[in-house]
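For reference, the chains in residue letters:
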Amino acid sequence: MKVFSCGLAALAVAAPALAQDADEPITIVITGSRSEQPLAHATADTTVLDRSDIERTQAATLPGLLGGLNGIDVGNSGGAGKATSLYLRGANAGQTLLLLDGLRLGSATLGQPAWQNLPTVLLGRVEVVRGAQSGLYGSDAIGGVVQAFTREEDGPIAPWARAALGTQQGREAAVGFGGRDGATQISAGLSTFDTAGFDATSAENINHNSDRDGYRNLAGSLRLKHEFAPGQSLGLTALRTQGENEYDGYPAALDASGKYAQQALALNADNRINEVWRMRTTLGQSRDQSEDFSGDVSTGAFNTHRDQFTWQNDLSFIKNNTLSLGVEWLRERIDGSGVQDFTRDERITRSLFAVDTLRLGAHDLQLSLRRDDIEAIDTRTTGRLGWGWSLPGSLRLTASYATGFKAPTFNDLYYPESPWSAGNPNLKPEESRGWDLGLSQQLGAFGWRLATFRTDVDNLIQWTADESWRYTPDNVAEARLRGVEFGADYRADGWHVALAADWLQAEDRNTGDALPNRPDRSARLDVDRDLGRWSAGATLLAARYPDELPQAGYGVLNLRAAYRIDHAWSLSARIDNAFDRDYQTVSGYPMPGREAWLAVEYGLR
């Protein structure tokens, strides 16, 4: 890798810099600094996917869109709608923060979001920030942050629609509209997804039941913004997704299923006080609700309510400098039959944060600092220092050091005592410290990046059994995450070619064993060609797992094509796992075999 990176750097310096098209739009990102900044000046490794990427890949869900990109591994337990974990730079499933339009999503009992239930047809943009960002967002951001944004249309108000049929009795439909009318911007959508599924467990799984495990999803979104005066606006964002998921439970003879709902609702005020001071205020609530059934009998309901308030002030006293000062208030509440015996069902986190972003000639500096006071747990201060340096030949060097943490879940702390398990109210937050170093270059239509990182995580919470086989959690585990990421991208003359390749070592520092479900080698290659009315593309996903993990390596090819009938109507088709490979990303849970979808669309392409 040293020889490879040095060779790339030498080639880049020697190559003549290709002029960037003056009309090419500047990509603006928000997540990595909490305020708008050009992607070219970000100090954190950031990937941006917009509507064109969603429509090009035809990815139906957020994990399907992100899986295989640099730093991202996805573990899926048996197909559409089944439990899905996202591992960002090798961090545990609950150590990556998911935001929707600035609101935290996820379960306060399980400790992670339901990634599988967010349909991409209602999303307009996704930003992935790799590396610890607790200095910006507090708990859960050890691996990084994924922020999804609901659709935001800026042209004349116009409708859109999509209908699709697929194998496994798959059906999909979506309708919506969006655009701007004077000072008012609106976007709304409604989608449904239904599949009979397949057998979600393999024969060696203790819960195996030879039946189909279906999935149903109904989702809706609304984004509304009105500008009352220049620099003065009020907005509303809302998204709800709900449905039912079938799976193989215990005992296997009984049909198991679960009902779920995920919701986010927020009011946003954006006020430009003067040329120096911009004030942004958000008041919102997110919900994560689930209820499981064995046959027709409920086995427990778990509901999370997160009330959130953010007051952020962006101050620009000098050119190319933004100082953001803010406060956040978060109240987490749980209820439902599954938590009736918990000794505590509510906690409040009060936070202060500061972010200073400064550009000095060829140098970009960013310092973030945050203090979180978590009721009945502890107080944590975290931060990040990032630096970027624009070198000759369009080269850019970035480096950062960051600390992070994850607060214990309600299950970890207050799970009721029984002969088999009990929570531990004395748990401390999980903590991390780490650095990363990156080199990138953009030469006209071609760009590449190379990054390396290391993160050490302490006080990991692990449920272990005593001599009586009674499980309790404790801060006993430690992990070390090290890796190298390489990415390349080419967009010109109707071609879009993108490569992401990762080398990862995610190990338990106490035992030296590899952490579960993370491949140590993975790659994704996207090749797309636009031929006017026709377009076609393919995605190749490949992974290899450490020898001590039960999963075998795999290579999967997905194919897609589209035809534009006229300016509004189009047809699209895709074949996932074209060669019908048999593989697993979570042991005991097969991934889907060959699947085909055909769709008709209006107003989308």
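Worth saying up front: this structure is predicted, and the values here are computed from it rather than measured.

### Considering the overall build of the chain
Item 1. Within the chain one finds five helices and 33 strands.
Item 2. Over its C-alpha atoms the chain spans a radius of gyration of 24 Å, differing by no more than 12% from the 25 Å that the globule rule assigns to 605 residues.
Item 3. Dimensions of the chain, computed from C-alpha atoms along their principal axes, come out at roughly 65 × 55 × 55 Å.
Item 4. For the chain, buried positions account for 54% of its 605 residues.

### Topic: unusual backbone geometry
Peptide bonds are trans in most cases, and residues, glycine excluded, mostly fall at negative phi.
Item 1. Not every positive phi belongs to a glycine, and Gln-58 is a case in point at roughly 60°.
Item 2. In this structure, Gln-58 sits in the loop between α2 (51-57) and α3 (62-66).
Item 3. Gln-58 sits in the buried class, given a relative accessible area of 9%.
Item 4. You will see that Ala-376, though not glycine, has its phi angle at about 65°, which is positive.

### Re the sheet that holds strand β7 (residues 103-104)
Item 1. Ordered by their spatial adjacency, five strands build an open sheet running β3-β8-β9-β6-β7, and the pairing between neighbours is mixed. Where the open sheet ends on each side, the last strands, each with one partner, are β3 (46-50) and β7.
Item 2. Pairing of β3 with strand β8 (residues 123-130) involves five bridges; the strand directions are antiparallel. Directly across from Val-48, in β8, lies its bridge partner Glu-127.

### Here we look at the pairing of strand β17 (residues 297-315)
Item 1. Note that strand β16 (residues 277-294) and β17 share 18 bridges and pair antiparallel. Looking across to β17, one finds that Arg-280 is bridged to Gln-312.
Item 2. Two successive antiparallel strands, β16 and β17, enclose a turn made up of two residues, where Gly-295 displays a positive phi of approximately 70°.
Item 3. Where β17 folds back on strand β18 (residues 321-335), the antiparallel hairpin that results is connected by five residues, among which Asn-320 adopts a positive phi of roughly 65°.

### Looking at the side chain of Thr-455
Item 1. Structurally, Thr-455 is set in strand β24 (residues 446-465).
Item 2. What Thr-455 contacts, discounting residues up to four positions off in sequence, is Ser-432, Arg-433, Gly-434, Ala-479, Arg-480 and Leu-481.

### Let's talk about a nonpolar patch on the surface
Item 1. Judged by side-chain polarity, Tyr-415, Trp-463, Trp-469 and Tyr-471 come together as a nonpolar surface patch covering roughly 440 Å² of accessible area.
Item 2. Tracing the backbone shows Trp-469 in the loop between β24 and β25 (471-492).
Item 3. Among the residues examined, Trp-469 registers a relative accessible area of 61% and is labelled exposed.

### Observations regarding the confidence of the model for the chain
Item 1. Averaged over every residue, the pLDDT of the chain is 93; residues scoring 70 or more account for 95%.
Item 2. Between residues 1-22, whose pLDDT stays under 50, and residues either more than four places distant or in other chains, the model counts 22 contacts.

### Let's talk about the nonpolar core
Item 1. Counting residues in each nonpolar core, the largest one holds 25 residues, and the members touching the most others are Leu-62, Leu-65, Leu-66, Ile-72 and Val-126.
Item 2. When residues of this core are traced back to their parent elements, those giving at least two are α3, β4 (72-76), β5 (84-88), β6 (96-100), β8, β9 (144-150) and β15 (255-272).
Item 3. In contact with Leu-66, other than residues within four places in its own chain, are Leu-49, Ile-72, Leu-86, Val-126, Val-128, Val-146 and Arg-524.
Item 4. Counting residues in hydrophobic clusters, the runner-up holds 13 residues, among them Ala-108, Phe-342, Phe-405 and Tyr-414.

The rules behind each value
Residues numbered from 1 in each chain as written. Predicted model: local features only at pLDDT ≥ 70, side-chain atom pairs only at ≥ 80, totals over all residues. Heavy atoms only, no water. Helix = DSSP H or I, 4+ residues; strand = E, 2+ residues; numbered from the N terminus. Rg over C-alpha atoms; globule rule 2.2 N^0.38 Å. Buried < 20%, exposed > 50% of the residue type's maximum accessible area, 1.4 Å probe, protein only. Pairing = 2+ DSSP bridges. Contact = heavy atoms within 4.5 Å. Patch = residues over 30% accessible without salt bridge, like charges linked within 9 Å, V, L, I, M, F, W, Y side chains within 5 Å. Areas by Shrake-Rupley, 256 points an atom, 1.4 Å probe, with all protein chains shown as cover. Salt bridge = Lys/Arg side-chain N within 4 Å of Asp/Glu carboxyl O. pLDDT = per-residue confidence, 0-100. Core = buried A, V, L, I, M, F, W, Y, C linked by side-chain atoms within 4.5 Å.

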